Amino acid sequence: MIGLISATAAGAAARDRLAAAWPGRTRVYEGPVGRSVELAFAECDQLVCFLATGAVVRLISPLLAGKSADPGVVCVDEGQRYAVSLLGGHGGRANELAAQVADVLGCAPVVTTATDAADVPGLDTLGWPVEGAVASVTRAVLDGEPVALRADAVWPLPPLPGHVGGDGEAVLRVTDRVVEPGAREAVLRPPSLVVGVGASKGAPLDEVLGLVEETLRDAGLSASSVAALATVDAKAQEPGIVGAAERLGVPLVTYAPEKLASITVPNPSGAPLAAVGTPSVAEAAALAEGGELLVPKRKSRGCPAGRAAMATCAVVRRAPRGRLAVVGLGPGARDLLTPRATQELRRASVLVGLDQYVDQIRDLLRPGTRIVESGLGAEEERARTAVAEARAGHAVALIGSGDAGVYAMASPALAEASGDIDVVGVPGVTAALAAAAILGAPLGHDHVSISLSDLHTPWEVIERRVRAAAEADIVVTFYNPRSRGRDWQLPKALSILSEHRDPGTPTGVVRNASRPDESSRVTTLAGLDPATVDMMTVVTVGNTATREVAGRMVTPRGYRWQS
């Protein structure tokens, strides 16, 4: 919840704008400002104070408890010119909140966190627990001092500057093992461990949790690297197991007994088979998604005299999974690149793409991003490279123009990828939509996109699809309509459409949609000269209902109330 506090009429007006923009996310505090800040500080995850920064500093200073506990605080000035991230920039997500406030109020976000200013990912922003000399190692990264990177495996981390990874007195370690950090060593805890848990009905929380913690401690493993507790479906509501997951702050995942029974384990038993339908719960649940069994099944100890152990557990280390983000860059204009696409570009440690597309977004990349670029005609090679980099454990962004899933890189990449990597799709504004917005509303009813390039698709297939669209009276957008080596396909496609549509059917032509040299015109099916079209052009042919209204193409939706 975001607490909103104001002291003046102007502040209250801005406060109310924010509350209206974020229904359900905010709570307005009325009354004396000091008391409001005190209440919001205790009750909310974040605060937005429409007050001077000095006043807020004085009000919150007695309330500060520490970086891990304090809420994020953003201040907005009386003139609504700035949204200042004042407290909890990373831990309280105040930096992110300042940007969000700025978007709503039209002001400028002010962020002074050193890592953000230097465009370096903060160690406390990676979503993993971090221990040790975090400030010292971060300072070394910012100062350009050599920092050693010692990782047990390759994890999909964001890009780190080039001076991180060699030898250095400062050390960034990535491990799930219990280590004693040195004076200049920070330890990142990757989510690599899964603890399988079995328990008799009514097993006490202390017994289940104690067993898990003792098992990890004896194995030299950090509880901060536990990604989940796992068990059989029948134990999904077992209080001791549920409570242990809550205390550890991890999800509880459950599996059907049939799945667990199919997993080969070193220590099967007849008791769980009779009780829940699988010869193994702890080991099988830990191994359900694969991995290395580090600790075989253990039973709880220290039970009251005369009572059998009521809990078992086993520990598995899962291999890191690389991450592939397939990112659509839109038609070319920077303001049509989505915020999510920008986030993925900045998260990736490896960027793969066509050289001219890389040039469009090179300035958005963080220092240390490794770029793999190639020229036209190397689509399959780029797809294979991106998947291989993800399989090696890296965070990869594979870029394409428009929407990466429309005549672009998503399909060859995902045809290459298997289930051993995580894949994220980031939609983009594709050429058909960009052109349609320029032309008016040509896609107001059913429409289809067809590529006229027969380099990879036989013309017979393309022609059959054009003919089907013509016969079905569907608006058609032609991609790749004409090039120097392919000059007859567009006239042929227009001829097929002409068999079913009037010569005066509105037809739109857009070249370089959204780019500085954009051009567009609305003509007719008979009036379109194919010689004026090239590969940078999108051609949209209306259906029998499409009309030209004030120079714009309009295809009625066909609602009953439209005449």
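See the structure printed just above.
Description of the structure in this document.

Parameters and conventions
- In this numbering scheme, every chain counts its residues from 1 along its sequence in written order.
- Two thresholds apply to this predicted model, a pLDDT of at least 70 for residue-level local features and 80 or more for giving and counting side-chain atom pairs, whereas whole-chain, interface and lining totals are computed over all residues.
- Hydrogens and water are ignored here; the side-chain numbers use all heavy atoms of the structure.
- Here, a strand pair is defined by DSSP locating no fewer than two bridges between the strands.
- Helix numbering and strand numbering both begin at the N terminus, where a helix is a DSSP run of H or I of at least 4 residues and a strand a DSSP run of E of at least 2.
- Fitted lines through C-alpha atoms give the axes, limited to the stretch in contact for helices. The angle between two N-to-C directions lies from 0 to 180 degrees.
- The rule for a disulfide is simple: a pair of cysteine sulfur atoms within 2.5 Å.
- A pair of aromatic rings is counted whenever rings of Phe, Tyr or Trp (Trp by its six-membered ring) have centres within 6.5 Å, and the orientation is called stacked for planes under 30 degrees apart, edge-to-face for over 60 and tilted otherwise.
- Two thresholds decide whether a charge sits over a ring: the Lys NZ or Arg CZ must be within 6 Å of the ring centre and within 35 degrees of the ring normal.
- By convention a nonpolar core is built from buried Ala, Val, Leu, Ile, Met, Phe, Trp, Tyr and Cys residues, the set being connected through side-chain atoms within 4.5 Å.
- Each residue's exposure class comes from its accessible area (1.4 Å probe, protein chains only) as a fraction of the maximum for that residue type: buried when under 20%, exposed when over 50%, partly exposed otherwise.
- Any pair of residues with heavy atoms lying within 4.5 Å of one another is described as a contacting pair.
- The path from the first strand over the helix to the second decides the hand: if it runs clockwise while the strands point away from the viewer, the crossover is right-handed.
- A side-chain nitrogen of Lys or Arg and a carboxyl oxygen of Asp or Glu constitute a salt bridge if their distance falls within 4 Å.

### Quick word on the sheet that holds strand β27 (residues 537-541)
Strand order across the open sheet formed by five strands is β23-β24-β27-β25-β26, with mixed pairing between neighbours. Looking at strand neighbours, the two that pair on one side only are β23 (447-451) and β26 (519-524), the edges of this open sheet. Adjacent strand axes in the sheet meet at a mean angle of 20° when their direction is disregarded. By the bridge criterion, five bridges tie strand β25 (residues 506-511) to β27 in an arrangement that is antiparallel. Looking at β27, one finds that Thr507 is bridged to Val541.

### Observations concerning the sheet that holds strand β11 (residues 185-188)
Taking strand neighbours across the sheet as the criterion, the five strands line up as β7-β11-β10-β8-β9 in an open arrangement whose pairing is mixed. What marks the edges here is a single partner per strand, and that holds for β7 (130-132) and β9 (164-166). Adjacent strand axes in the sheet meet at a mean angle of 35° when their direction is disregarded. In terms of strand pairing, strand β8 (residues 147-151) meets β9 through two bridges, oriented parallel. Directly across from Val147, in β9, lies its bridge partner Val164.

### Details of unusual backbone geometry
Located in the positive-phi region is Tyr407, a residue other than glycine, with phi close to 50°. Along the chain, Tyr407 falls in the loop between β20 (395-400) and α15 (410-416). Although it is not a glycine, Asn480 sits at a positive phi angle of roughly 45°. Examined against the element boundaries, Asn480 turns out to sit in the loop between β24 (475-479) and α18 (489-498).

### Here's the deal with the state of the cysteines
Enumeration over the complete set of coordinates arrives at zero disulfides. Between Cys107, a cysteine without a disulfide, and Cys75, which holds the nearest cysteine sulfur, the sulfur-to-sulfur distance is 12 Å.

### As for the packing of aromatic side chains
Tallied over the full model, the rule gives three aromatic pairs. Their ring planes at 80° and their centres at 5.4 Å tell us that Trp128 and Trp155 sit as a pair that is edge-to-face. Here Trp128 is found in the loop between α5 (114-117) and β7, whereas its partner Trp155 is found in the loop between β8 and β9, with 27 residues between them in sequence. The residue whose ring lies beneath Arg25 is Trp22, and the NZ or CZ to ring-centre distance is 4.4 Å.

### Looking at the nonpolar core
Ranked by internal contacts, the top residues of the largest apolar core, which has 23 residues, are Val195, Val197, Val208, Leu216, Val226, Leu229 and Val315. Listing elements by their share of this core, those giving two or more residues are β12 (193-199), α7 (205-218), β13 (226-232), α8 (239-248) and β16 (311-317). For this core, the element with the highest residue contribution is α7, accounting for five residues. Excluding anything up to four places from it in sequence, Leu216 contacts Leu193, Val195, Leu221, Ala223, Val226 and Val315. If you look at the next biggest cluster of nonpolar residues, it comprises 20 residues, including Ile450, Trp459, Ile462 and Ala493.

### Re the pairing of β12
Of all seven residues that make up β12, seven are buried, and the element is covered over most of its length. Taking every second residue as pointing to the same face, both faces of β12 are buried, with Leu193, Val195, Val197 and Ala199 on one and Val194, Gly196 and Gly198 on the other. As paired strands, β12 and β13 are joined by four bridges and run parallel to one another. Across the sheet, Leu193 pairs through a bridge with Val226, a residue of β13. Remark: the β12/α7/β13 crossover connection has right-handed handedness.

### A few points about the environment of Ala513
Turning to its location among the elements, Ala513 is positioned in the loop between β25 and β26. Its relative accessible area of 12% is what places Ala513 among the buried residues. Residues Ala513 and Ile450, spaced 63 residues apart in sequence, show a C-alpha to C-alpha distance of 18 Å. Excluding residues within four positions of it along the chain, Ala513 makes contact with Pro331, Ala434, Ala435, Ile438 and Glu518.

### Observations regarding the pattern of salt bridges
In total, this model carries 29 salt bridges according to the counting rule given. A salt bridge links Asp363 to Arg334, with the shortest nitrogen-to-oxygen separation between them at 2.9 Å. Separated by 29 residues along the polypeptide, Asp363 in the loop between α13 (355-361) and β19 (370-374) and Arg334 in the loop between β17 (323-328) and α12 (339-347) bring together distant segments of the chain. A network of salt bridges, in which partner residues are shared, links Glu214, Asp218, Arg298 and Arg301.

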